[in-house]
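Observations on the model geometry
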Amino acid sequence: MLEKYPAITDLEKKAKSRIPEVAWAYLSSGTGDELAVSRNREAFNQIQYNPTFMHGEQTVDLKTTVLGREYNLPFGIAPVGLSGLMWPGAEMILAQTAKDYNIPYCLSTVATQTPETIGPISQENSWFQLYTPRKKEIRTHLLARAKTSGFNTLIVTADVPYPSRRERTKRAGLRTPPKLTAKFLWGGISNPAWTRQVMKHGLPKLKTVIQYAESKQATKVFEELRKGFGGTLSWDYLKELREEWKGNLIIKGLTHPNDAERAVQIGVDAIIVSNHGGRQFDAVPPSIKLLPLIVDAVGDKTCIMFDSGINSGLDIIKAYQQGAQFVFLGRGFLTGVAALGAQGGNHVCEVLKEDLRANLMQLGIENINDIKNLTPFQPTRHA
Ligand SMILES: Cc1cc2nc3c(=O)[nH]c(=O)nc-3n(C[C@H](O)[C@H](O)[C@H](O)COP(=O)(O)O)c2cc1C
């Protein structure tokens, strides 16, 4: 399989050819003119290293310890809402990958499977991502469900104060909830492998939160949930969460050092520097360029993690070199599952592992955590 699909870019072509256009648009799109997505990519491409050689035989170690737990690989699976639209059953597949490879799987509040179903699969590698409920009793209930299902780490997403417009997704015909429109049905007919999965798992539903909706009408439920689970996050809310959640608490989506300082004061265990894969605000700077600013501001006080734009093992190396202590991929993993179904999550791990190994060897670095000592190439004369 590594010969046929040696890179995530190969999986993108395959995924695009076998899922409906609307699902591909939802997965791949940014917002506005989608410049933030391309800027994330360009900023990674600009980073270069000038390797030294003659290091003798090398043994690469990809294990990394973060928030008191050792993982076999230095990356995890980011939370992705509506995962079942890209590939029905995607959450189960990725939770199993997390278990098999000993990496974290973050289940989104708006995924299409519940913590009760996913926790027993990903077990101790289960992290839960929270879109913050307005009503305190719903929050308490949801957190208790996550905890009893085995989720030991909570990620609070900061960068969705309002739903993003994602114009390409709208043009492709995404309706919430997914509806059997002519376009949707055509997508099904022309993608039989995807349709077979829909028949097995049903149309994607927000299974975790649907029970909190009072309305019985599907169209109203989505609007009610949108209003009930967003737009209220503040520093006071974060303080309350810090008191309520006794496990690891991570804030995701911060880009400004001032915000990072405040989050540290409240006592978060980690910050994920992220611009949501360029999906929320089209004028945001590339996440990889913001990472060193946050590391400089609070890197000695909390754990700094990273996502947005990672598409290879080499990108992971670059993120670690810029100061990340752990990283996540969102689109990469869902692309793998959309392309290869049940094998997709594991295959993405294999691709990243091989690319990490090959590039660390080129750099003469055996342990991913030693990458911080490397300096990016600057075209000045050698002293
Ligand atoms: C289709 C899709 C849905 C997402 N849904 C969520 C979500 O429900 N909660 C969240 O915190 N982040 C969500 N994200 C953002 C990811 O967690 C992550 O920040 C982003 O995908 C990282 O960029 P990458 O796709 O370039 O790896 C979503 C991303 C994608 C692509």
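First things first, this report covers the structure right here in the doc.

Calculation criteria
- Residues numbered from 1 in each chain as written.
- Predicted model: local features only at pLDDT ≥ 70, side-chain atom pairs only at ≥ 80, totals over all residues.
- Helix = DSSP H or I, 4+ residues; strand = E, 2+ residues; numbered from the N terminus.
- Rg over C-alpha atoms; globule rule 2.2 N^0.38 Å.
- Buried ≥ 20, exposed ≤ 12 C-beta atoms within 10 Å, placed from the backbone.
- Contact = placed C-beta atoms within 7 Å.
- Core = buried A, V, L, I, M, F, W, Y, C linked by C-beta atoms within 7 Å.
- Expected span 1.5 Å × (residues − 1).
- Arc of directions from axis to C-beta.
- Pairing = 2+ DSSP bridges.
- Right-handed = clockwise from strand over helix to strand, strands pointing away.
- Axes fitted to C-alpha atoms, helices over the stretch in contact; angles between N-to-C directions.
- Parallel < 35°, antiparallel > 145°, perpendicular 65-115°, else oblique.
- Left-handed = near helix turned anticlockwise from the far one by under 90°.
- Nonpolar A, V, L, I, M, F, W, Y, C, P; charged D, E, K, R; others polar.

1. Regarding the overall build of the protein chain
Assigned secondary structure in the protein chain consists of 17 helices and 10 strands. Relative to the compact-globule value of 21 Å for 383 residues, the protein chain shows a C-alpha radius of gyration of 20 Å, a close match. In terms of its C-alpha atoms, the protein chain occupies a principal-axis envelope of roughly 70 × 50 × 40 Å. Here the protein chain, with 383 residues, has 47% of them falling under the buried criterion. Counting only contacts in the protein chain whose residues sit at least 6 apart along the sequence, the fraction spanning at least 24 positions is 72%.

2. Section: unusual backbone geometry
The phi dihedral of Met54 is positive, around 70°, even though this residue is not glycine. Within the secondary structure layout, Met54 lies in the loop between α3 (35-46) and β1 (64-66). Take Met54: there are 5 C-beta atoms within 10 Å of it, and that puts it in the exposed class. Non-glycine residue Gln123 carries a positive phi angle of around 50°. Considering the arrangement of structural elements, one finds Gln123 in the loop between α6 (115-122) and β5 (126-130). We classify Gln123 as partly exposed; it has 14 C-beta atoms within 10 Å.

3. Structural notes on the nonpolar core
Across soluble globular proteins, nonpolar side chains show a tendency to be buried alongside one another. Among the nonpolar cores identified, the biggest contains 105 residues, and Ile77, Met86, Ile271, Val327 and Val337 are the most heavily contacted of them. Not counting residues up to four positions away in its chain, the partners in contact with Val327 are Pro74, Phe75, Met305, Phe306, Asp307, Ile310, Ile316 and Ala319.

4. A look at the environment of Ala43
As for its position among the elements, Ala43 is in helix α3. Discounting residues that sit within four places of it in the chain, Ala43 has contacts with Pro286, Ile288 and Lys289.

5. What about helix α7 (residues 136-148)?
The terminal C-alpha atoms of α7 lie 18 Å apart, and with 13 residues this matches the ideal 18 Å at 1.5 Å per residue to within 8%. Among the residues of α7, those classed as buried are Leu142, Leu143 and Ala146. Within α7, the buried residues cover an arc of 100° as seen down the axis, which keeps them to one side. Along α7, the residues that are exposed and aim more than 90 degrees away from the buried face are Glu137, Thr140, Ala144 and Thr148. On its buried face, α7 sits against α6, β5 and α12 (235-244). Trailing α7 by a residue or two, Gly150 shows a phi angle of about 100°, which is positive.

6. Describing helix α5 (residues 90-101)
In this model α5 runs 16 Å from its N-terminal to its C-terminal C-alpha over 12 residues, within 8% of the 16 Å that 1.5 Å per residue would give. Turning to α5, its buried residues are Ala90, Glu91, Met92, Ile93, Leu94, Ala95, Thr97, Ala98 and Tyr101. Of the residues one or two after α5, Asn102 is the one with positive phi, at around 50°.

7. So, the pairing of strand β7 (residues 248-254)
For β7, the tally of buried residues reaches six of seven residues, placing the bulk of the element in the interior. By the bridge criterion, four bridges tie β7 to strand β8 (residues 270-273) in an arrangement that is parallel. Directly across from Ile250, in β8, lies its bridge partner Ala270. At this point the chain moves from β7, through helix α13 (residues 257-266), to the parallel β8, and the crossover so formed is right-handed.

8. Brief notes about the pairing of β8
The two faces of β8 match: Ala270 and Ile272 on one face and Ile271 and Val273 on the other face are all buried. By the bridge criterion, four bridges tie β8 to strand β9 (residues 303-306) in an arrangement that is parallel. Directly across from Ile272, in β9, lies its bridge partner Met305. Taking the sense of rotation as the criterion, the β-α-β connection linking β8, helix α14 (residues 287-298) and β9 turns out right-handed.

9. Quick look at the packing of helix α16 (residues 331-340) against helix α17 (residues 344-363)
The contact between α16 and α17 brings their axes to 7 Å, and the two run at 125°. Considering the angle they form, α16 stands oblique to α17. The two elements α16 and α17 cross, and the hand of that crossing is right-handed. Facing Gly332, Phe333, Gly336, Val337, Ala339 and Leu340 of α16, the residues of α17 in contact are Gly344, Gly345, His347 and Val348. Across the contact of α16 with α17, the residue classes break down as five nonpolar, five polar and no charged.

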